[in-house]
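# Fold and contact review
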Amino acid sequence: MPLIVHKYGGTSMGSPERIRNVAKRVAKWARSGRQMVVVPSAMSGETNRLLALAKELAPARPSQDFHREQDMLAATGEQASSALLAIALQAEGVPAVSYAGWQVPIRTDSSYTKARIESIDDQRVRADLDAGKVVIITGFQGMDDGGNITTLGRGGSDTSAVAVAAALKADECLIYTDVDGVYTTDPRVAPAARRLATVSFEEMLEMASLGSKVLQIRSVEFAGKYRVPVRVLSSFTPPDIDINEEAASGTLITFEEDEKMEQAVVSGIAFSRDEAKISVLGVPDTPGVAYRILGPVADANIEVDVIIQNLSKDGKTDFSFTVSRNDYARTLDLLKEKVVPALGAQEVVGDTKICKVSIVGIGMRSHVGVASTMFRTLSEEGINIQMISTSEIKTSVVIDEKYLELAVRSLHTVFGLDKPAE
Ligand code: ADP
Ligand code: ASP
Ligand code: MG
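We now turn to the structure provided with this report.

### A short note on the overall build of the chain
The number of helices and strands found in the chain is 13 helices and 20 strands. Whereas a compact globule of 422 residues would reach a radius of gyration of roughly 22 Å, the chain reaches 23 Å, a difference of no more than 12%. Projecting the C-alpha coordinates of the chain onto the three principal axes gives extents of approximately 75 × 55 × 35 Å. Burial statistics for the chain: of 422 residues in total, 50% are counted as buried.

### Regarding the sheet that holds strand 19 (residues 387-391)
What the four strands build is an open sheet, ordered 13-18-20-19; its pairing is antiparallel. Each end of this open sheet is capped by a strand with a single partner; those strands are strand 13 (268-272) and strand 19. Strand-to-strand, the axes of this sheet are offset by a mean angle of 20 degrees, without reference to chain direction. Of the strand pairs in this sheet, strand 13 and strand 18 (residues 354-360) are connected by five bridges, and their pairing is antiparallel. Its bridge partner being in strand 18, Ala270 is matched across the sheet by Ser358. The strands touched by helix 12 (residues 370-380) within the sheet are strand 18, strand 19 and strand 20 (394-400), with strand 20 carrying the most contacts at an inclination of about 20 degrees.

### Remarks on the site of ligand 1
Lining the immediate environment of ligand 1, one finds 17 residues, of which Thr177, Asp178, Tyr183, Asp186 and Arg188 sit closest. Residue Thr177 places a side-chain N or O atom 2.6 Å away from an oxygen atom belonging to ligand 1. For ligand 1, an oxygen atom lies 2.8 Å from a polar atom in the side chain of Asp186. In the complex, the protein chains occlude 91% of the 570 Å² of accessible area that ligand 1 would expose alone.

### Structural notes on the pattern of salt bridges
Going through the model one piece at a time under the given rule, you end up with 22 salt bridges. With its nearest N and O atoms 3.9 Å apart, the salt bridge here joins Lys133 to Asp128. Take Lys133: its relative accessible area is 33%, and that puts it in the partly exposed class. Linking Arg376 and Glu380 is a salt bridge whose minimum nitrogen-to-oxygen distance equals 3.4 Å. With Arg376 and Glu380 both in helix 12, this residue pair falls four residues apart, about one helical turn. Residue classification places Glu380 among the exposed residues on the basis of a relative accessible area of 60%. Where salt bridges share partners, they join Arg25, Lys28 and Glu246 into one cluster.

What counts, and at which threshold
Residues numbered from 1 in each chain as written. Chains lettered and ligands numbered in written order. Predicted model: local features only at pLDDT ≥ 70, side-chain atom pairs only at ≥ 80, totals over all residues. Heavy atoms only, no water. Helix = DSSP H or I, 4+ residues; strand = E, 2+ residues; numbered from the N terminus. Rg over C-alpha atoms; globule rule 2.2 N^0.38 Å. Buried < 20%, exposed > 50% of the residue type's maximum accessible area, 1.4 Å probe, protein only. Pairing = 2+ DSSP bridges. Axes fitted to C-alpha atoms, helices over the stretch in contact; angles between N-to-C directions. Contact = heavy atoms within 4.5 Å. Near = heavy atom within 4 Å. Polar contact = N/O pair within 3.5 Å; in protein donor to acceptor, adjacent residues only side chain to side chain. Areas by Shrake-Rupley, 256 points an atom, 1.4 Å probe, with all protein chains shown as cover. Salt bridge = Lys/Arg side-chain N within 4 Å of Asp/Glu carboxyl O.

Below you can see the structure in the form of structure tokens.
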């Protein structure tokens, strides 16, 4: 019997009515002769609500102990939605059982708030499936070796679903969300965005890593590593829609590059509002400076993204990089306390009103002048580029946050991505 994993996002699980619709959809799939595992997110707004409560009561300097409790708390959102879905399925006459991550168990490392899945025990789940039950597994969470509950980072239910699909060697993982697939860019920012019928794994990986939150980056990594067929589709179609039609809708992530994909030079525009820029000014321009600035940052488990070092003047230089906005205050403190005095740097300044806009496409490999078209377009719009970073299949720029929409829309048009006018 084919085994299918469904994942439903927060909006899709947002009310009792929507959960009932999810149950009807899953019931249809189960009755069509498939074994079903479902991974729900918390009801929309719930994770934010819980994290805001934690923040209200947090100590001035949050420690690991605080982050442990934060995960303990945030994980309850998915526990509630999973149980509600099991109840709704039972009401549909479909036997269903829900498990929290730790009950499966889904084992992770101990990095609270951004834990990585290490292994998933499939025994309990298989026994239930063989007994004819739909198995519901909470998204977003697992348990570390010490038995502590961990969470996988915002948007982490995508990763739970793909990891569960990989562990169970599922035939397909369907990610149901509030848009009907992966678009050339976020359709909420650029109304001219087009849905892609397929997207290559590499492009999806770049788009996700550059901020397209339709899939969490780690879910795409899992899909690639274990070759899990993943499809992104809408949870807002009528639940009784023809199952074959539904199974062919949305966007499929593909692992082979076909000719069609080669044609588009740029296949998508990604952006991120989640970053902040930090500059260490007046640093002596000597060997080892990058290491002495970024070493302590890495030791604090803070990820650094775009990096630039300016030309030196009188033996001094400025060194800038971006970090996630969540890590901004912590990074600034750390640099002020440890790095500036040790290096004899002048000062540290920061800017949170920035964003990163990226063009992505496999076709960029074989085309020159793509980046310069991007820079020209931005300059014609009067948008100043603060930082640039490139790889084989993407170019990213850091710009003032207020120009995000303008930049995304004008790049979308210039690279021929706008959908044809109706
Ligand atoms: P869920 O709660 O289902 O996980 P998310 O809000 O995490 O949903 O992700 C879906 C959202 O991702 C969409 O509503 C859309 O605004 C946004 N998004 C960003 N980039 C894209 C893209 N390239 N294609 C489709 N949606 C995108
Ligand atoms: N509920 C979690 C979040 O809001 C995980 C998810 O929805 O994927 O980030
Ligand atoms: Mg999501």
